[in-house]
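Chain by chain, the residues run as shown.
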Amino acid sequence: MTDAYFPTPDLVLTGARLATFDVAHARPSGQADADALVIAEGRIAWMGYSGALPTAAMVAPRIDCAGQWITPALIDCHTHLVYAGSRAREFELRLHGASYEQIAREGGGIRATVAATRAATVDELVQQALPRLQALVDEGVMVVEIKSGYGLDTATELNMLLAARRLAQMLPVTVRTTFLGAHALPPDYAGHADDYIDLVCTQMLPAIAGQGLADAVDAFCENIGFTPAQTERVFIAARELGLPVKLHAEQLSNQGGAALVAKYGGLSADHLEHLDEAGAQAMAASGTVAVLLPGAYYFLRETHTPPIELLRRLKVPMAISTDINPGTSPFSSLLLMLNMACTLFRMTPEEALTGTTRNAARALGMGATHGTLAVGKAADLLAWNVGDLAELCYSYGTHRPVLRLRGGKRVDRL
Ligand code: DI6
Ligand code: FE
């Protein structure tokens, strides 16, 4: 075949089963009619049959995948993994009958983590978050979103985002940061939520955006969080700074948050247990991704599942994420979320895997470069030694990628 303008191949994979998660391929999980993939300049340069490799690829280093599945690297698009302290005590209180909302109202919950996080240095935040991020990386996560929101004052919010950025230099993972100043009302603003939102919009956000520390802006729109009107003020301020928005919406009750974030062209609406048809319609119209968080649903022992059937019907893209946080989802495992998405939300393995690859990339505004196997996309990919991809959703505890390539380079630590 002619190799005009073919970049010099760095690596060739052969004998693979390619689950591309690209809609261009009609077969389940986008399985390609191909068993070989050529990587050049950190990207996927070619996919096809090994018998028809481009000549330029003939002399490149080659890995025989011996029938293993290749998938895009995993993406965890909603975490709060930078924080200090532990809420194990609160877990015990809940076992003695207290509810999450009750604990929050009594100054525990998010505010307990705020106190510990304010008392920590950036170094301490990094050290405490490192094992959580390492656990994700070991499973094959190569892009992770990390939110602030446990500082609730300008200095500590900045520290959290600095810690998140520093973590990205310590492990082979891309970090996308989200400013979540409107996560909870800090105790010093009790009864003055609007004043706190003023602070978020006029001081915190400009300071954070000024240092380039946030890639997006989030809020917690809930009866124990902020009202839709307060949330909208945050979105307007974000838009003025050119930052995309997303929202913790309809987690514990229906506040109309999904429609609100859709109105601002939001990247995602997250949780969505109480999403209604109007909210889902608005998301479908704006292309806002539904980020489903089965870990929080499980840990809070919720019974109201997100309306999966409605999201399917309206073709709203569904992503799955860990929501790693000390209060409602202390689980540093995206593979565990795959299983929970299937068992608790009745999603199919293919939907769950699409939710941690293609749709998770989209939820981070990275759909053009990440989340599928396609020519031109980043060569961030994993090989799995499983007979059937559904194994990754069915059983838990033993699956680890047998090969990890990030930007086409082997990531050695497993
Ligand atoms: N919803 C959640 O589930 C987490 N944040 C949010 O807005 C909980 C955070 C926590 O309890 O620490
Ligand atoms: Fe969250």
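Report on the accompanying structure. Remember, predicted model here, so these are calculated numbers, not experimental data.

Calculation rules
Residues numbered from 1 in each chain as written. Chains lettered and ligands numbered in written order. Predicted model: local features only at pLDDT ≥ 70, side-chain atom pairs only at ≥ 80, totals over all residues. Heavy atoms only, no water. Axes fitted to C-alpha atoms, helices over the stretch in contact; angles between N-to-C directions. Helix = DSSP H or I, 4+ residues; strand = E, 2+ residues; numbered from the N terminus. Parallel < 35°, antiparallel > 145°, perpendicular 65-115°, else oblique. Left-handed = near helix turned anticlockwise from the far one by under 90°. Contact = heavy atoms within 4.5 Å. Nonpolar A, V, L, I, M, F, W, Y, C, P; charged D, E, K, R; others polar. Salt bridge = Lys/Arg side-chain N within 4 Å of Asp/Glu carboxyl O. Buried < 20%, exposed > 50% of the residue type's maximum accessible area, 1.4 Å probe, protein only. Core = buried A, V, L, I, M, F, W, Y, C linked by side-chain atoms within 4.5 Å. Donors = N, O, S within 2.8 Å, 3.2 Å for Na, K, Ca; no water. Tetrahedral: all angles 85-135°; square planar, octahedral: opposite > 155°, others 65-115°.

Where helix α5 (residues 154-170) meets helix α6 (residues 193-210), the closest approach of the two axes is 10 Å, and the angle between their N-to-C directions is 30 degrees. Between α5 and α6, the interaxial angle falls into the category roughly parallel. Seen along the crossing, α5 lies across α6 with a hand that is right-handed. Across the interface between the two elements, T154, E157, L158 and L161 of α5 pack against M204, A207 and I208 of α6. When its residues are assigned to classes, the contact of α5 with α6 shows five nonpolar, one polar and one charged.

With the rule as written, the count across this model stands at 15 salt bridges. A salt bridge links R233 to D198; the nearest nitrogen and oxygen atoms lie 2.2 Å apart. Placement of R233 in helix α7 (residues 228-240) and of D198 in helix α6 is noted, with a sequence separation of 35 residues between them. A salt bridge links E277 to R313; the shortest N-O distance between them is 3.3 Å. Remark: R313 occurs in helix α11 (residues 308-313) and E277 occurs in helix α9 (residues 277-286); sequence separation between them is 36 residues. For E277, a relative accessible area of 36% corresponds to the partly exposed category.

So, on to the nonpolar core. Membership of the largest hydrophobic core comes to 106 residues, with the highest contact counts inside it found for L81, V82, L133, V144, L167, L272 and L292. Broken down by element, this core gets its largest block of residues, nine residues, from helix α12 (residues 334-345). When near neighbours in sequence (up to four residues on either side) are disregarded, L272 contacts A249, E250, A258, M283, A290, V291, L292, P306 and P307. Core analysis: the second largest hydrophobic core is formed by 18 residues, L11, I39, A379 and L403 among them.

The next subject is the coordination of the iron ion (ligand 2). Around the iron ion (ligand 2), the protein contributes the donor atoms H78 (NE2), H80 (NE2), H248 (NE2) and D323 (OD), which lie 2.1 to 2.3 Å from the metal centre. One way to put it: the four donor atoms around the iron ion (ligand 2) meet at angles of 81 to 169 degrees, and that makes the site irregular. Mapped onto the sequence, the donors of the iron ion (ligand 2) take the spacing H-x1-H-x167-H-x74-D. You can see H78 sitting in the loop between β7 (74-76) and α1 (88-95) and its partner D323 sitting in the loop between β14 (318-320) and α12, a full 245 residues away along the chain. Residue D323 is classed as buried on the basis of its relative accessible area, which comes to 1%.

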